[in-house]
Amino acid sequence: MCGIIGYIGSRKTTEVLLKGLYALEYRGYDSAGVAITDNKDLEIIRSVGRVSKLEEKIEKEKKVNSTFGIAHTRWATNGEANEKNAHPHKIGKVTLVHNGIIENADLIKEKLINEGYKFNSDTDSEVAAALLDKYLKENDTLEAIDKMTKDLTGSFAFGIIIDGENRLYALRKDSPLLIGVGEKENFLASDITAIISYTPKYVLLDVGEVAVLEDSSLKFYKEGKEIEKEILVSDSKGVDHSKNGYDHYMLKEIMEEPVVIKRLIERYNEEENRKELDLSEYKEIDIVACGSAMYAGLVGQNLLEEFAEIKVNVYPASEYRYKKKIYNTKTLVILVSQSGETADTIAAMREAQKLGIDTLGIVNNPDSTIARETSRKILTNAGVEIAVATTKAYILQVCVLAMMAFVSGEKKGLVKEDFSIFSELPKLIKEVQDRVEEYKKIAKDIYKKESCFFIGRGLDYALCMEGSLKLKEVSYLHSEAYQAGELKHGTISLVEEGMPVLCIITNKELKDKSISNLKETEARGAKGIVITTKDLDDFDEYEKIVVPESSQYIVSMLIVPALQLLSYYVALNRGCDIDKPRNLAKSVTVE
Ligand code: AGP
């Protein structure tokens, strides 16, 4: 979602800004722009599409020999993705970039129009620029910023330039923003990856605080008074932009799964570290997350209930934050998030914390809000994911939850197997990945179809949810996941001649039930495809994907790469922009 970078110092401004924008590309965006100035002339250059297009435009059009500037990648919310809506926006003396959504923008805009302001875009961001410009007419800059902030509802992070001032301003509410601290130079950025090649030192802004950045000075204010802020040091290695010979980041990241999973498991091979995973003290767990992270939660629900006998509810964070919560004294709220910056998941975490409920984050980004604010955290350590579609981070979320089910069940005396089963995973995942030709073949058979179903029961249904999401996300092939037994209660009416129905079967007890449901669809013309384990495989009459036999604790993590690779090859056949699917953002920082 929108990315912000700002720079003041003696380096070439556009170089720093463009490098930052490239680093922020992974968040997902549809237009980009920069505002650069030498404190006399200010130039705004914007373009729709990739940062590389903006770079070409800057090369052709740039006139100002700038000393500071702000830049932005926009993921459209208010107003379509076109050049006039791209940031930065300038009204009067104020030029700004914005991440977030200003909920009362229409109301404020109406008043400002009556006062004579004219707007050039459909964005809420431009309204903030006009509002600040209005307050600047009667107040000093800090007072004007405070007044603007008080008027705005919703979420925001701003990078601001004021005509005639040789400095940058930064402030935030709910949307992420940090200040990078350098030697005779300073930065502002949505996340550390945008500036890590220049400095690991950063300051986190809290709500109501304003940062004032000059090249040789950095000051922070709250309600007009200067405040001290702690300087933190990130150990982020930044984004590795190499594709390691793969055509896409998605494929590279899938292929990294054996390595990252090995790293995770090695930590918990130490018995002492396994205590972090023990949830046996809780009577009930709410797993709260969005998208794939929520589907990892669904796998976790099946495993924790089955093997640790803990009642687990799974909620999309966007619903959870506004629903009535019924907690008992032994409830744990688990937040699952790759980015650790998903707005709804953060809000859900804060809701639970407000009510005094224990929270635990399963997070990939160690510098993120959830990683910092949750009372207990497990870092998945997948490294940065560049492809918008999550793959390696998702499988690690599943792995953490599976290990939690194992450790909690073991504590209750419910487990017969040994923790060493997890150590088999890297080798088994590699075996699954090596069967590329099978995924390519099935992809060839289904890529021209208009629609397909994933069906399964229990844990298999949870896997269907993510399999289906991955497929539609990267290939735009319409897909639905359904509980196998539920299909005939209405949705089977959609089954047509030749429609692929992918049936996941990893559980011996449910095998016959699921296959009967698959046959019901075949009787109506569907083309059944089975995804199963070697020990259950007697499906020679079907096209199939067969993964190695394994323990029920780890089998889901063998189905996952198979489904991811299948989605990848379907998307490849359909000529999709695999790493940056249309309309999607990596990090969803608005509600
Ligand atoms: C992943 O492929 C999806 N694009 C998306 O559903 C994602 O999992 C969701 O937005 C949650 O993101 P998070 O893990 O960063 O919180």
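These lines cover the structure that appears in this document, whether it is placed above or below. As the structure is a prediction and not an experimental result, all values here were calculated from the model. (Residues numbered from 1 in each chain as written. Predicted model: local features only at pLDDT ≥ 70, side-chain atom pairs only at ≥ 80, totals over all residues. Heavy atoms only, no water.)

### Brief notes about helix 13 (residues 392-411)
The terminal C-alpha atoms of helix 13, which comprises 20 residues, lie 29 Å apart, in line with the 28 Å expected from a rise of 1.5 Å per residue. With 18 of 20 residues buried, helix 13 lies mostly within the body of the structure. Downstream of helix 13 by one or two residues, Gly 413 has phi in the positive range, about 75°. (Helix = DSSP H or I, 4+ residues; strand = E, 2+ residues; numbered from the N terminus. Expected span 1.5 Å × (residues − 1). Buried < 20%, exposed > 50% of the residue type's maximum accessible area, 1.4 Å probe, protein only.)

### Notes on the nonpolar core
Counting residues in each nonpolar core, the largest one holds 102 residues, and the members touching the most others are Leu 304, Ile 334, Met 404 and Phe 422. Per-element accounting of this core gives the leading share, 14 residues, to helix 13. Here this core spans two domains, since at least three of its residues come from each of domain 2 (267-416) and domain 3 (429-581). Setting aside residues no more than four positions away along its own chain, Ile 334 makes contact with Leu 279, Ile 285, Asp 286, Ile 287, Val 288, Leu 360, Ile 362, Leu 401 and Met 404. (Core = buried A, V, L, I, M, F, W, Y, C linked by side-chain atoms within 4.5 Å. Domains from an automatic or database assignment. Contact = heavy atoms within 4.5 Å.)

### Digging into a negative patch on the surface
Residues Glu 271, Glu 410, Glu 417, Asp 418 and Glu 424 make up a contiguous surface patch of negative charge. Within the secondary structure, Glu 410 is located in helix 13. (Patch = residues over 30% accessible without salt bridge, like charges linked within 9 Å, V, L, I, M, F, W, Y side chains within 5 Å. Areas by Shrake-Rupley, 256 points an atom, 1.4 Å probe, with all protein chains shown as cover. Salt bridge = Lys/Arg side-chain N within 4 Å of Asp/Glu carboxyl O. Lys, Arg positive; Asp, Glu negative; His and termini not counted. Charge placed at Lys NZ, Arg CZ, Asp CG, Glu CD.)

### Comments concerning the layout of surface pockets
If a probe as big as a water molecule is rolled over the atoms, it shows which places are left empty. Taken as a whole, the largest pocket spans an internal volume of roughly 600 Å³. Residue lining of the largest pocket: 29 residues in total, with Cys 290, Gly 291, Ser 292, Ala 585 and Val 588 positioned closest to the centre. Elements with a contribution of two residues or more to the lining of the largest pocket: helix 9 (291-308), strand 18 (331-337), helix 11 (343-354) and helix 16 (459-475). A total of five residues in the lining of the largest pocket trace back to one element, the largest contributor, which is helix 9. Its residues assigned to classes, the lining of the largest pocket shows 14 nonpolar, ten polar and five charged. Along the wall of the second largest pocket there are 24 residues; nearest its centre are Asn 364, Asn 365, Pro 366, Gly 383 and Val 384. (1 Å grid on protein atoms, 1.4 Å probe; cavity = no way out; pocket = protein on both sides within 12 Å on 5 of 7 lines; lining within 4 Å. Points joined across faces, edges and corners; volume = space filled by probe spheres on them. Nonpolar A, V, L, I, M, F, W, Y, C, P; charged D, E, K, R; others polar.)

### Here we look at the site of the ligand
What surrounds the ligand is a group of 15 residues, the closest being Ser 337, Gln 338, Ser 339, Thr 342 and Glu 473. A distance of 2.6 Å separates an oxygen atom of the ligand from a polar atom in the backbone of Gln 338. A distance of 2.9 Å separates an oxygen atom of the ligand from a polar atom in the backbone of Thr 390. Structurally, the ligand is housed in the largest pocket. The set of elements that each furnish at least two residues to the shell around the ligand consists of helix 9 and helix 16. Taken together, the residues of the shell around the ligand break down into six nonpolar, seven polar and two charged. Looking at the shell around the ligand, you find at least three residues from each of domain 2 (267-416) and domain 3 (429-581). (Near = heavy atom within 4 Å. Polar contact = N/O pair within 3.5 Å; in protein donor to acceptor, adjacent residues only side chain to side chain. Sits in = over half its atoms within 2 Å of the grid points.)

### Quick look at the sheet that holds strand 13 (residues 218-222)
If you walk across this open sheet you meet the seven strands as 5-6-7-8-12-13-14, and the pairing is antiparallel. Of all strands in the sheet, those bounded by a partner on one side alone are strand 5 (89-91) and strand 14 (225-227). The mean angle between the axes of side-by-side strands here comes to 30°, regardless of whether they run parallel or antiparallel. Direction of pairing for strand 13 relative to strand 14: antiparallel, over a ladder of three bridges. Looking at strand 14, one finds that Lys 222 is bridged to Lys 225. With respect to the sheet, helix 4 (residues 125-136) is in contact with strand 5, strand 6 (94-102) and strand 7 (154-162), its orientation differing from that of strand 6 by roughly 130°. (Pairing = 2+ DSSP bridges. Axes fitted to C-alpha atoms, helices over the stretch in contact; angles between N-to-C directions.)

### Examining the packing of helix 4 against helix 5 (residues 141-151)
Where helix 4 contacts helix 5, the axes come no closer than 8 Å and their chain directions differ by 135°. It follows from the interaxial angle that helix 4 and helix 5 lie oblique. Classified by chirality, the crossing of helix 5 by helix 4 is right-handed. Between helix 4 and helix 5, the residues in contact are Ala 128, Leu 131, Leu 132, Tyr 135 and Leu 136 and Thr 141, Ala 144, Ile 145, Lys 147, Met 148 and Asp 151, respectively. A class-by-class count of the residues in the contact of helix 4 with helix 5 yields eight nonpolar, one polar and two charged. (Parallel < 35°, antiparallel > 145°, perpendicular 65-115°, else oblique. Left-handed = near helix turned anticlockwise from the far one by under 90°.)

### Description of the pattern of salt bridges
Summed over all chains, the structure comprises 37 salt bridges. For Lys 311, the salt bridge identified is with Glu 305, shortest N-O distance 3.9 Å. With a closest N to O distance of 3.0 Å, Asp 537 and Lys 544 form a salt bridge. Among the charged side chains, a salt-bridge network with shared partners connects Lys 441, Asp 445, Lys 527 and Glu 543.

### Quick notes on unusual backbone geometry
Omega for the peptide link from His 87 to Pro 88 comes to 0°, which places this bond in the cis form. Its identity as a non-glycine residue notwithstanding, Lys 184 has a phi of 55°, on the positive side. Mapping Lys 184 onto the fold places it in the loop between strand 9 (178-181) and strand 10 (186-189). In this structure, Tyr 476 takes a positive phi of about 60° despite not being glycine. Mapped onto the elements, Tyr 476 comes out in the loop between helix 16 and strand 22 (478-483). For Tyr 476, a relative accessible area of 24% puts it in the partly exposed group.

### Observations concerning the pairing of strand 24 (residues 527-533)
In terms of residue burial, strand 24 counts as a mostly covered element, since six of its seven residues are buried. Sheet topology note: the strand 23 (residues 500-505)/strand 24 ladder contains six bridges and is parallel. Residue pairing in the sheet places Pro 500 in a bridge with Lys 527 of strand 24. What joins strand 23 to strand 24 is helix 17 (residues 508-522), and the crossover it makes is right-handed. (Right-handed = clockwise from strand over helix to strand, strands pointing away.)

### Details of the packing of helix 13 against helix 18 (residues 556-573)
One can describe the packing of helix 13 onto helix 18 by two numbers: an axis separation of 10 Å at closest approach and a directional angle of 170°. On the basis of the axis angle, helix 13 is roughly antiparallel to helix 18. Within the contact between the two elements, helix 13 uses Tyr 394, Ile 395, Val 398, Cys 399 and Ala 402 and helix 18 uses Ser 556, Met 557, Val 560, Pro 561 and Gln 564. A class-by-class count of the residues in the contact of helix 13 with helix 18 yields eight nonpolar, two polar and no charged.

### Details of the side chain of Asn 313
Looking at where Asn 313 falls in the secondary structure, it is placed in strand 17 (residues 311-316). Among the residues examined, Asn 313 registers a relative accessible area of 14% and is labelled buried. At a separation of 2.7 Å, a polar atom in the side chain of Asn 313 contacts the side chain of Asp 286. Not counting residues within four places of it along the chain, the set of residues in contact with Asn 313 comprises Glu 284, Ile 285, Asp 286, Ile 287 and Gln 301.

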